[in-house]
Amino acid sequence: MTKPRKIELNLGNPKNGWLPIELKSMDFELEFNASNIPESPTDKLCESLILAMNGIETEICWNLEPECYFFELKQIRKGIELNISKSGEITENRNLIYELTGNFESVILPMYRNLKKFNTLEFDKTDWKEIDQKKLNKLTELVKFKKLSKAL
């Protein structure tokens, strides 16, 4: 069996409502700055990871004003598919630019870990909104449960 390609997500230090983001895989690299308008993409990422871990198809819109990147997560058999597409505006047609099929360890866990790391950063509240703690706690519970059930 081939080893799944692992992603690396890095959420940087937000400034003036913009968040530097870097996503890497063995064969792909994407860097951009996302806006916190109309909604916080870090909160949306947290929600999406919860949904994906419960087998529900979900997406995160990273708004670049006016362009957008969309990260779609969906469960396929025992794996997770990550599709990244780009559009000129939120309502325009999307162009798929990358797709990866992995598992909990190669897709969900790297995103979760970076979200937790991002939550420890200190930044001015005018620069970015903190992640909803209840959502993050729920995600942490799901991750711990998944790790525990894999160990058994």
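Residues numbered from 1 in each chain as written. Predicted model: local features only at pLDDT ≥ 70, side-chain atom pairs only at ≥ 80, totals over all residues. Heavy atoms only, no water.

Colleague: Give a description of the pairing of strand β3 (residues 28-35) that names residues and reports values.
Modeller: A regular strand carries its side chains on alternate faces of the sheet. Examined bridge by bridge, strand β2 (residues 18-25) and β3 share 8 bridges and lie antiparallel to one another. By the bridge assignment for β3, W18 is matched with S35. In sequence, β2 turns back onto β3 through a hairpin of 2 residues. (Pairing = 2+ DSSP bridges. Helix = DSSP H or I, 4+ residues; strand = E, 2+ residues; numbered from the N terminus.)

Colleague: Let's hear about unusual backbone geometry: which residues, and what values?
Modeller: Following I37, the chain continues into P38 via a peptide bond in cis, with omega recorded as 0°. Inspection of the secondary structure assignment puts P38 in the loop between β3 and α1 (41-53). In this structure, the amide linkage connecting E65 to the following residue, P66, adopts the cis form with an omega of 10°. Among the secondary structure elements, P66 is positioned in the loop between β4 (58-63) and β5 (68-76). Notably, N16 is not glycine yet its phi reads approximately 55°, a positive angle. By the secondary structure assignment, N16 is in the loop between β1 (8-11) and β2. Overall, N16 belongs to the exposed group, its relative accessible area being 60%. Phi is positive for R77, which is not a glycine, with a value near 45°. Tracing the chain through its elements places R77 in the loop between β5 and β6 (79-87). (Buried < 20%, exposed > 50% of the residue type's maximum accessible area, 1.4 Å probe, protein only.)

Colleague: Break down the pattern of salt bridges for me, citing the residues and quoting the values.
Modeller: With the rule as written, the count across this model stands at 9 salt bridges. Across the pair K74 and E81 runs a salt bridge, and its minimum N-O distance is 3.8 Å. Relative accessible area serves as the criterion here: at 16%, E81 is assigned to the buried category. What you see here is one network of salt bridges that share partners, running through E59, E72 and R94. (Salt bridge = Lys/Arg side-chain N within 4 Å of Asp/Glu carboxyl O.)

Colleague: An account of the side chain of S48 is needed here, citing residue identities and associated values.
Modeller: The residue S48 is located in helix α1 in this model. Once residues lying within four places of it in the same chain are set aside, the contact partners of S48 are T58, E59, I60 and L73. (Contact = heavy atoms within 4.5 Å.)

Colleague: Outline helix α3 (residues 133-151), listing residues and values.
Modeller: Over its 19 residues, α3 extends 27 Å from the first C-alpha to the last, a length consistent with the 27 Å expected when each residue adds 1.5 Å. L136, L139, T140, L142 and V143 are the residues of α3 that are buried. All buried residues of α3 project into a common sector of 165° when viewed along the axis, lining one side. Facing away from the buried side of α3 by more than 90 degrees, the exposed set consists of K134, E141, K144, F145 and L148. Of the surrounding elements, those touching the buried residues of α3 are α1 and α2 (104-120). By the N-cap criterion, in which a side-chain oxygen at the helix start approaches the backbone nitrogen of a residue two or three places on, α3 is capped by D132, the distance to K134 being 2.9 Å. (Expected span 1.5 Å × (residues − 1). Arc of directions from axis to C-beta. Polar contact = N/O pair within 3.5 Å; in protein donor to acceptor, adjacent residues only side chain to side chain.)

Colleague: Before we move on, could you go through the nonpolar core and cite the residues and values that matter?
Modeller: Counting 41 residues, the largest nonpolar core has W62 and F71 as its most contacted members. Per-element tally for this core: the top contributor is α2, with 8 residues. Excluding its chain neighbours within four sequence positions, the residues that come into contact with W62 are L11, L19, I21, F32, A34, P41, L45, E67, C68, Y69 and F71. (Core = buried A, V, L, I, M, F, W, Y, C linked by side-chain atoms within 4.5 Å.)

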